[in-house]
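# Structural description and commentary
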Amino acid sequence: MARVPARTPKGMRDYLPADMIKRRYVFDTVRDVFESFGFEPIDTPVLELRETLFGSGMGEDAEKLVYYAQHAGGKEELALRYDLTVPLSRFVAEHENDIKLPFRRYHIAPVWRGERPQKGRYREFYQCDADIVGVRGPAADAEVMQVVYTALRRLGFADFTIKMNNRKLLTGLGIYAGISDEQLPSLYRIIDKTDKIGLDGVAGMLAESNLPAESVTRLVNILRLDGTGDAQQRLAAIGHLREELDGVAIAQEGLDELEYLTYAADAFGMSGDNVALDLTMVRGLGYYTGPIFETVITKPDNLGSVQGGGRYDELVGRFRGQSLPTTGISLGIERLVDLMEMLDLYPASVSGTTVVQALVTVFDEDSQLGSLRLAADLREAGLRVETYMDPRKNLGKQIGYADSKGIGLVVIAGPDEQAQGLVRLKRLHDGEEIVVQRAAVGAEAAAFLG
RNA sequence: GUGGGCGUAGCUCAGUUGGUCAGAGCGCUUGUCUGUGGAACAAGAGGUCAAGGGUUCAAGUCCCUUCUCCCACCCCA
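Source: prediction; values computed, not measured.

Time to look at the sheet that holds strand β11 (residues 358-360). Pairing is mixed in the open sheet, where 5 strands are placed in the order β12-β11-β13-β14-β15. Only two strands of the sheet have a single partner each, and these edge strands are β12 (385-387) and β15 (433-437). Each neighbouring strand pair of the sheet contributes to a mean axis angle of 25°, computed without reference to strand direction. Where β11 meets β12, 3 bridges bridge the pair, whose relative direction is parallel. Looking at the pairing, Val360 lines up with Thr387 of β12. Each of β13 (409-412), β14 (422-427) and β15 touches helix α17 (residues 441-449); the most contacted strand, β14, lies at about 15° to it.

Given below as structure tokens:
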């Protein structure tokens with residue numbers, strides 16, 4: 001019989017127990033942070049109607065990466081969700097009667113993109129989104145930025161930069177440089193390449209795109225602005241932009257928001273190393289309308305961004321008629337998990353490859369039920385317990401099994417101990433062994449484990 | 001989607017200019033060992049050399065195609 005190849009689809013992975021223990025730690029930490037800011041959990045189907053996803057302003061490039069999902073007799077045109085933002089907009093419109101505005105929700109779930117896989121880039125991956133629906137003011141933007149900062153700090157990251165920019169400012173730059181609306185997307189595309197090709201490269205590409213030389217010069221001079229440093233330096237940079245873009249109303253609006261966020265970051269105690277103004281950060285998704293954010297880890301700096309987000313005030317309107325101002329962020333858990341590993345940021349409690357804390361040994365078939373009962377008592381006391389299943393194996397094999405699996409405690413209650421109403425507890429990492437009363441085994445074992 | 005690199009036992013890899021080249025270490029199974037692990041010794045299982053096609057008397061080794069993974073674009077978490 002021909003063997004069926006055992007493999008996952010391209011760009012999609014299985015997670016082993018050791019992987020899941022670490023992933024769960026990251027998910028739990030992020031969830032705790034989200035909830036501490038008052039975000040409520042929701043979930044949505046992994047499939048959406050195709051019309052929900054398409055034309056949402058995510059961009060034509062992105063739409064080509066959407067997975068279709070159809071069953072034989074299906075009458076609906078379905079697709080796997082590409083992000084959690086478009087589903088949220090649909091969700092808000094659909095459940096308006098059941099939610100309270102402003103609506104703060106978080107959503108931790110997988111999304112699918114048919115890209116070519118690379119390190120830190122998969123076709124199925126989890127996103128952790130936190131969004132605030134129904135608040136127009138920049139306080140909401142400031143708060144989602146603070147969520148990013150808090151979550152990364154809580155996970156143990158120190159060297160990262162939350163880059164901020166503003167779509168209104170970018171629009172204003174287009175006006176300032178005398179660029180038509182049709183040319184704006186290609187302008188953004190070029191500007192976004194700055195960190196790869198440098199400003200000179202950008203200038204070259206702009207010149208090739210038949211922009212007037214004067215426009216190119218004016219633009220590049222603005223983009224040259226240094227948005228790093230402490231709050232005072234960043235405020236000074238914004239002041240400089242204000243003068244330069246005097247008379248461009250939309251740009252001034254964007255600058256107002258950036259100024260607010262700069263003050264906010266300072267008030268939140270974020271250092272100048274963790275925040276930066278970056279006029280060349282654009283973000284590909286087309287639905288952003290105001291402040292935009294993107295975070296990169298700066299120490300190992302080869303894994304792309306770990307966070308993206310911003311304000312998208314028009315998206316909900318697609319599903320609701322009248323729109324609702326919305327802002328939010330998305331953390332890329334896959335890259336965070338990879339980076340946590342590289343930087344060794346996991347606490348000792350999640351370093352193991354098993355959830356089992358204690359192994360109850362077994363001596364023979366006659367006493368096996370007694371072993372199962374002993375395990376039950378230990379579980380009652382809150383321990384995670386596995387019972388050894390093969391009574392023919394000697395004690396040495398059973399201890400060896402516990403050791404190789406990383407189980408810290410072996411529980412021994414053979415005929416000798418049972419006759420005296422006792423249980424023997426052996427701790428593997430230091431070989432320490434104690435004898436305790438059978439009746440008190442739960443508490444004793446928990447204490448012995450530390 | 002475009003260009004490039006890689007692919008030999010579960011894992012890490014060795015395989016000379018095509019001709020005992022199907023191997024090693026680790027891991028796994030069993031035994032020494034029906035009450036105390038990380039060891040030792042012995043025996044054993046496991047591979048259509050990623051898949052398919054071609055050149056040749058002969059291919060893991062050369063050529064073509066496909067696929068995974070990786071890298072650079074594109075784009076993005």
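Before going further, it helps to examine the protein's contact with RNA strand B. Taken together, 47 residues are adjacent to RNA strand B, and Lys119, Arg121, Arg283, Ser305 and Leu428 come closest. Each atom of RNA strand B within 4 Å of the protein belongs either to a base or to sugar and phosphate, the latter forming 47%. Gln127 is positioned with one of its side-chain polar atoms (N or O) 3.4 Å from a sugar or linking oxygen of RNA strand B. Taking Asp416, its main chain carries an N or O atom lying 2.6 Å from a base oxygen of RNA strand B.

Burial runs high along helix α6 (residues 167-176): 8 of the 10 residues are buried. Among all positions of α6, only Arg167, Lys168, Leu169, Leu170, Gly172, Leu173, Gly174 and Tyr176 are buried. Its buried side turned inward, α6 meets β6 (160-166), α7 (184-191), α9 (213-223), α10 (231-244), α11 (249-267) and β8 (291-297). Where α6 begins, one side-chain oxygen reaches toward the backbone nitrogen of Lys168, 2.8 Å away; that side chain belongs to Asn166.

The next subject is the sheet that holds strand β7 (residues 275-277). Taken in spatial order, the 8 strands make up an open sheet running β1-β4-β5-β10-β9-β8-β6-β7, and their pairing is mixed. The sheet is open, and its two edges are formed by β1 (40-41) and β7, each paired on a single side. Where β8 meets strand β9 (residues 305-311), 5 bridges bridge the pair, whose relative direction is antiparallel. Residue pairing for β9: Ile292 is matched across the bridge by Gly310. Here helix α5 (residues 138-155) sits on the sheet and contacts β4 (103-112), β5 (124-133), β6, β8, β9 and β10 (326-332); the angle it forms with β10, its principal contact strand, is near 15°.

Attention shifts here to unusual backbone geometry. Geometrically, the link from Leu101 to Pro102 is a cis peptide bond, its omega value of -5° lying close to zero. Relative to the elements of secondary structure, Pro102 occurs in the loop between α4 (85-94) and β4. For Asp344, which is not a glycine, the phi torsion comes out positive at approximately 60°. Among the structural elements, Asp344 can be located in the loop between α13 (333-343) and β11. When its relative accessible area of 64% is taken as the criterion, Asp344 is described as exposed.

What follows covers the side chain of Asn166. Looking at the element boundaries, Asn166 is found in strand β6. A distance of 3.5 Å separates a polar side-chain atom of Asn166 from the backbone oxygen of Gly254. Of note is the side chain of Asn166, whose polar atom sits 2.6 Å from the side chain of Glu257. Those residues in contact with Asn166, other than ones at most four positions away along the chain, are Gly254, Glu257, Leu258, Gly290, Pro291 and Ile292.

The periodicity of an α-helix, 3.6 residues per turn, causes residues three or four positions apart to be oriented the same way. Between its terminal C-alpha atoms helix α1 (residues 17-36) stretches 28 Å, which fits the 28 Å expected from 20 residues at 1.5 Å a residue. Here α1 has its buried residues at Ile21, Lys22, Arg23, Tyr25, Val26, Phe27, Thr29, Val30, Val33 and Phe34. Gly38 lies just past α1 and shows a positive phi near 85°.

In the case of a regular strand, side chains alternate between the two sheet surfaces. β4 sits mainly inside the fold: 9 of its 10 residues count as buried. Pairing of β1 with β4, which is carried by 2 bridges, proceeds in the parallel orientation. The residue of β4 that forms the bridge with Pro41 is Tyr106. Both β4 and β5 contribute to a ladder of 10 bridges, which runs antiparallel. In the sheet register, Tyr106 faces β5, and the bridge partner there is Ala130.

Okay, the packing of aromatic side chains next. This model, assessed by the stated rule, comprises 10 aromatic pairs. Ring geometry for Tyr25 versus Tyr346: centroids 6.0 Å apart, planes at 65°, classification edge-to-face. With Tyr25 in helix α1 and Tyr346 in the loop between α13 and β11, this residue pair connects regions lying 321 residues apart in the sequence. The ring centre of Tyr15 lies 3.8 Å from the NZ or CZ of Arg23, which sits over that ring. Across from the ring centre of Tyr82, 4.1 Å away, lies the NZ or CZ of Arg113, which sits over that ring.

The next subject is the side chain of Thr387. With respect to the helices and strands, Thr387 occurs in strand β12. Ignoring sequence-local partners within four residues, the contact set of Thr387 consists of Leu359, Val360, Ser371, Leu372, Ala375 and Arg379.

With 6 of its 7 residues buried, β9 lies for the most part within the structure. Bridge analysis of β9 against β10 gives 5 bridges, and the strand direction is antiparallel. Bridge pairing in β10 links Arg311 to Thr327.

Parameters at a glance
- Residues numbered from 1 in each chain as written.
- Chains lettered and ligands numbered in written order.
- Predicted model: local features only at pLDDT ≥ 70, side-chain atom pairs only at ≥ 80, totals over all residues.
- Heavy atoms only, no water.
- Pairing = 2+ DSSP bridges.
- Helix = DSSP H or I, 4+ residues; strand = E, 2+ residues; numbered from the N terminus.
- Axes fitted to C-alpha atoms, helices over the stretch in contact; angles between N-to-C directions.
- Contact = heavy atoms within 4.5 Å.
- Near = heavy atom within 4 Å.
- Polar contact = N/O pair within 3.5 Å; in protein donor to acceptor, adjacent residues only side chain to side chain.
- Buried < 20%, exposed > 50% of the residue type's maximum accessible area, 1.4 Å probe, protein only.
- Expected span 1.5 Å × (residues − 1).
- Phe/Tyr/Trp six-rings, centres within 6.5 Å; stacked < 30°, edge-to-face > 60°.
- Lys NZ or Arg CZ within 6 Å of the ring centre and 35° of its normal.

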